[in-house]
Amino acid sequence: ADIEEHSEKITLLENKIGKLQGTNGELSVEVAQLKTDMAANEAKREEAETIRNKEHENFVAEEEDYLAAAEQMEQAIQILSSLGADQNAESLLIKKAKVEKASKTVHERIGHLSKTVQQALLAASSFLTPAQRTKVTSFLQHKAPFTGNYEYASGAVVGILKSMKDTFEANLEKARDEEKAQAEAHDKLMETLEDAYDKMEETYDDKQGKLGDNDGDLSTKKEQNGESKTIVEDATEFLEKLLPMCDAKEKQYNVRKILRSGEETAVAKAISILNTE
């Protein structure tokens, strides 16, 4: 009965053990893939952060350059405008009074102007057309600032500077818009990646929990299976010893039955003899 009962139990347990092992194999593959995907997600987020930081650094540097260039343009415009007014007044003074000192003052202003405008135009040089660059060069190299040509050239340079200032301000606005768009895109990407990571992590933890439960159940069933096998082995071994013992006992019993029959016959005869006498 033990052999029959536990043999059936062994079959059921081994089927369950096989099923659990198969499930654990699938879970292990899925867990390993989730771990790989989570690591890739982290690497992608780290890469995105690095790119975003670099983009922001470039924007900050570009913004500073545009602001500085626009400020240089504005300073140069103000100086040229101021110099134009001063030059007209001092030109009249030179014509009327012929004062050499006034001429010297204007020349000093022009020297200062050249340095300031040169700095401003250096920032705008990559945006100038060849014609504009020729006008600027001619203006900066002008040796006689008290002529109508000078006033015309000064006005042309002011126009160029204003155009460049507008260009720098437009570029700055565009750079700010791009920075805002990139920041928003980055935030959206990070949100998507983090949401995906959280879902993968939740699934990973769930499958790890199932693996742990299955491992515990598998261990219990293997232990039960081992106990049932031990019972079957012991019962089989005991049965193998018991059957020959039964045969031997049966033979002994049969011999005893024959002996007892003889004894009973002898006793009966003895009683008959005793009764007769």
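Each remark here, short or long, concerns the structure printed above.
Residues numbered from 1 in each chain as written. Predicted model: local features only at pLDDT ≥ 70, side-chain atom pairs only at ≥ 80, totals over all residues. Heavy atoms only, no water.

1. Regarding the overall build of the protein chain
Tallying secondary structure elements over the protein chain gives four helices and zero strands in all. Along the protein chain, helices (α) and strands (β) appear in the sequence α-α-α-α when read from the amino end. When each of the 277 residues of the protein chain is scored for burial, the buried share is 25%. Carbon and sulfur atoms make up 53% of the accessible area of the protein chain, which totals about 19,000 Å². (Helix = DSSP H or I, 4+ residues; strand = E, 2+ residues; numbered from the N terminus. Buried < 20%, exposed > 50% of the residue type's maximum accessible area, 1.4 Å probe, protein only. Areas by Shrake-Rupley, 256 points an atom, 1.4 Å probe, with all protein chains shown as cover.)

2. Regarding the nonpolar core
Grouped together as the largest cluster of nonpolar side chains are 16 residues, with contacts concentrated most on Tyr66, Met73, Leu80, Leu161, Met164 and Phe168. Broken down by secondary-structure element, the contributors of at least two residues to this core are helix 1 (2-97) and helix 4 (148-276). One finds Leu27, Val31, Tyr204 and Leu211 within the second-largest nonpolar core, a separate group that totals eight residues. (Core = buried A, V, L, I, M, F, W, Y, C linked by side-chain atoms within 4.5 Å.)

3. Section: a negative patch on the surface
Judged by side-chain charge, Glu42, Glu46, Glu49, Glu184, Asp187, Glu191, Glu194, Asp198, Glu201, Glu202 and Asp205 come together as a negatively charged surface patch. Those elements giving two or more residues to the negative patch turn out to be helix 1 and helix 4. It is helix 4 that provides the largest number of residues to the negative patch, a total of eight residues. With respect to the helices, strands and loops of the structure, Glu42 is situated in helix 1. In this structure Glu42 comes out as partly exposed when scored by relative accessible area, which is 38%. (Patch = residues over 30% accessible without salt bridge, like charges linked within 9 Å, V, L, I, M, F, W, Y side chains within 5 Å. Salt bridge = Lys/Arg side-chain N within 4 Å of Asp/Glu carboxyl O. Lys, Arg positive; Asp, Glu negative; His and termini not counted. Charge placed at Lys NZ, Arg CZ, Asp CG, Glu CD.)

4. Points about the side chain of Arg52
On the secondary structure map, Arg52 appears in helix 1. On the basis of relative accessibility, which here comes to 8%, the residue Arg52 falls in the buried class.

5. Considerations on the pattern of salt bridges
Under the definition given, this model contains twelve salt bridges. For Lys229, the salt bridge identified is with Glu14, shortest N-O distance 3.3 Å. Of this pair, Lys229 sits in helix 4 while Glu14 sits in helix 1, and the two are 215 residues apart along the sequence. Assessed through its relative accessible area of 37%, Glu14 is described here as partly exposed. The salt bridge involving Lys221 is made with Asp217; its shortest N-O contact spans 2.9 Å. Of this pair, Lys221 and Asp217 both sit in helix 4, four residues apart, roughly one helical turn. When salt bridges that share partners are traced, they join Arg52, Glu55 and Glu179 into one network.

Scope: geometric values only; no functional claims are made or implied.
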